[in-house]
Amino acid sequence: MIILAFYGIHRYQLVWLYYRNRRNAAKSAESPASYTEEQLPFVTIQLPIYNEQFVIDRLIDACCRMDYPRDRFEIQLLDDSTDETTEVAAAIVQRYATGGVTTAEHPEPLAPQPVLYLHRSNRYGFKAGALEEGLKSSRGELVAIFDADFVPPVDWLRKVVHHFAEPGVGMVQTRWTHLNRNYSFLTQVEAILLDGHFVLEHGGRSRAGVFFNFNGTAGMWRRQAIDEAGGWEHDTLTEDTDLSYRAQLKGWKFKYLQDVECPAELPIEMTAFKTQQARWAKGLIQVAKKSLPTILHADIDWHQKLEAWYHLTANISYPLMIILSVLLMPAMIIRSWQGPIQMLLIDLPLFLASTASVSTFYLVSQKELFPRTWYKTFLYVPFLMALGVGLTVTNTKAVMEALFGVKSAFARTPKYAVQKKGERSQAKKYRKRLGIIPWIELAIGCYFAGTVYYAISTENYFTVPFLLLFVLGYWYTGFLSIFQGLFERREGRGEMHEKPYPVGI
């Protein structure tokens, strides 16, 4: 609990950094330098995809309609697909090259838009390998990257590009927003979780002048920064964070534009969400093992080293949560003698530092984004905290694999191309099998239900709300994973689709 409390206190620190350095916030309309229309640099737009046939059309259409001189940018569709996505992608590229494409949102015919289609017969290096392969034939001084589920606005390039007129800027990251935020209760909670990261983590770190990371998409790099940092490497699952730290150690400056939005699709199923979170958890620990020794010995300020430590090791809290889960019942029995004084001196400070910091963190982020309606977030706070608890099993597995050097494939997050309530996905083939983990989550939830009963029977009422978060979290993630799996069996008439890659859940 003490170690968890330190990471909780760090969340308070990020909020403090965010407000203390408010004047340092970078904005799209403010840049110390800018390009004239004739000086606009050539940009390569890279679109890495893998078995994502249902969202490619939307992505390419958005990129082809960018408000930027057409002779100053190129689009690379980097396809590692192993299914019919290859045929779908090739047909879409041909259609846009012919011209005359119209959509419901854009009824005016589009002029011919050449898109370079690069398909690899192997997935060597996964996403990092695809990006590196694309750079070999790219012509851009700047490189913008968008994942398959993103829909960049038409003015995105112009809002971002002028910041590279400032010497030394190596990367500019923009804020993710959410196409299907209101699709379900789960997507609303996911959106709040991501908003906390993009407002307070990125905002606090960038304003304070410490290292922060490129998020793998919705950002733009200077090609020179990528090359000087050693290029894309694929020995971690978060190649974006790995390259970010290497580039910043080389002296490149990063900018974060909170006011520039780039909408994307949130995972609509629990198993897909857990896959995404486990990949990020494992990747950050891998980067910590790889880069922290270099960072700690680098000639940079101590507060930059400390922030890098907190950032890269934060997911170690998941194994600690497992230990905490095991010890809670024995601790309650051993400490059955305690009275209100002991609770005030021990339990309350630890609770405020470790648990209350989470709710404060996300409430503040929503207040920044939605000043008129942020108070509604109070309704989601228990579920935010419970979902964090429910991810403990899958993320602990991922963290332990990273610590012990267990390699695994890059597990892509399925893209379903759904935005509104009631829409049904056609991408059933990309859903995940259940495995044993949801049943483990339900068992742990039952264990905590027992601790709740014990707490009530011993009149230890102070701990009941805290314990109920564990029950809710484990049961919510477990039941939702299992029920989605049962629906999948019904829709597939008794057959389960094989996973296109190993994800372990």
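Along each chain, residues carry numbers from 1 onward, in the same order as the chain's sequence is written. Only residues with pLDDT of at least 70 get local features here, since the model is predicted, and only at 80 or more are side-chain atom pairs given and counted; chain-wide, interface and lining totals rely on the full set of residues. Note: side-chain values were computed over all heavy atoms of the structure, leaving out hydrogens and water.

Engineer: Which parts of the structure should I look at to understand the nonpolar core?
Structural biologist: As a rule of thumb, soluble globular proteins bury nonpolar side chains together. In these notes, a set of buried Ala, Val, Leu, Ile, Met, Phe, Trp, Tyr and Cys residues joined through side-chain atoms within 4.5 Å is what counts as a nonpolar core. When accessible area is computed with a 1.4 Å probe and restricted to protein chains, residues below 20% of their type maximum are described as buried, those above 50% as exposed, and intermediate ones as partly exposed. With 67 residues, the main nonpolar core has Ile45, Ile60, Phe146, Trp156, Trp221 and Trp232 as its most contacted residues. Strands here are runs of E lasting at least two residues and helices are runs of H or I lasting at least four, both read from the DSSP assignment and numbered beginning at the N terminus. Among the elements that take part in this core, strand β7 (residues 253-264) stands out by supplying six residues, more than any other. Ranked by size, the runner-up nonpolar core spans 21 residues in total, among them Leu14, Val15, Met270 and Phe361.

Engineer: Whenever I open this one, the confidence of the model for the protein chain confuses me. Can you help?
Structural biologist: Reading predicted coordinates in detail is not appropriate for stretches of low pLDDT. As a per-residue measure, pLDDT tells how confident the predictor is, with possible values from 0 to 100. With 90% of its residues at a pLDDT of 70 or more, the protein chain has an overall mean of 88. Ignoring residues within four places in sequence, the model shows residues 487-505, a span with pLDDT below 50, making 46 contacts including any to other chains. When checking whether two residues touch, look at their non-hydrogen atoms; a contact exists if any pair is within 4.5 Å.

Engineer: Can you help me understand the side chain of Thr451 in this one?
Structural biologist: Its location among the elements puts Thr451 in helix α16 (residues 437-457). Every residue in contact with Thr451, bar those within four places of it in the chain, is listed here: Met329, Met332 and Leu467.

Engineer: Any chance you could explain the packing of helix α6 (residues 185-208) against helix α13 (residues 356-369) here in plain terms?
Structural biologist: When two helices pack together, their arrangement is captured by the angle between the axes and the distance separating the axes. Angles shown run from 0 to 180 degrees and are taken between the N-to-C directions of axes, each axis being a line fitted to C-alpha atoms and, for helices, limited to the stretch in contact. With their axes 8 Å apart at the nearest point, α6 and α13 run at an angle of 80° to one another. Judged on the interaxial angle alone, α13 and α6 are roughly perpendicular. Within the contact between the two elements, α6 uses Ile192, Leu193, Asp195, Gly196, His197, Val199, Leu200 and Glu201 and α13 uses Phe361, Tyr362, Val364, Ser365, Gln366, Glu368 and Leu369. Here the residues of the contact of α6 with α13 sort into eight nonpolar, four polar and three charged. Every angle not falling under 35 degrees, over 145, or within 65 to 115 is termed oblique; those three ranges are roughly parallel, roughly antiparallel and roughly perpendicular. Put simply, Ala, Val, Leu, Ile, Met, Phe, Trp, Tyr, Cys and Pro go in the nonpolar bin, Asp, Glu, Lys and Arg in the charged bin, and everything else, Gly too, in the polar bin.

Engineer: Would you mind going over the side chain of Gln276 with me for this structure?
Structural biologist: Considering the arrangement of structural elements, one finds Gln276 in helix α9 (residues 270-297). Here Gln276 falls in the buried class, since its relative accessible area comes to 10%. As used in this structure description, the phrase polar contact means that two N or O atoms lie within 3.5 Å; if the pair is within protein, one of them must be able to donate a hydrogen and the other to accept it, and residues adjacent in sequence are counted only when both atoms belong to side chains. At 3.3 Å, the side chain of Gln276 forms a polar contact with the side chain of Gln277. In this structure Gln276 touches Pro267 and Thr413, once residues within four positions along its chain are discounted.

Engineer: Hey, could you run me through the environment of Gly100 in this one?
Structural biologist: The topology assignment puts Gly100 in the loop between α3 (85-98) and β3 (115-119). Taking the C-alpha atoms as reference points, Gly100 and Leu110, ten residues apart in sequence, are found 4.9 Å from one another. Leave out the neighbours within four places in its chain, and Gly100 touches Pro109 and Leu110.

Engineer: Quick question: what am I supposed to make of the packing of aromatic side chains here?
Structural biologist: Ring geometry is summarised as follows: Phe, Tyr and Trp rings, the Trp one being its six-membered ring, pair when their centres sit within 6.5 Å, and such pairs are stacked at plane angles under 30 degrees, edge-to-face over 60 and tilted between the two. Enumeration according to the criterion identifies 22 aromatic pairs in this entry. Measuring from ring centre to ring centre gives 5.7 Å for Phe214 and Trp221, while their planes differ by 85°; the resulting arrangement is edge-to-face. Geometrically, the ring pair formed by Trp374 and Phe378 is tilted, given 5.8 Å between the ring centres and 45° between the ring planes. Three or more aromatic residues joined by ring pairs make a cluster, and in this case those are Phe212, Phe214, Trp221, Trp232 and Phe254.

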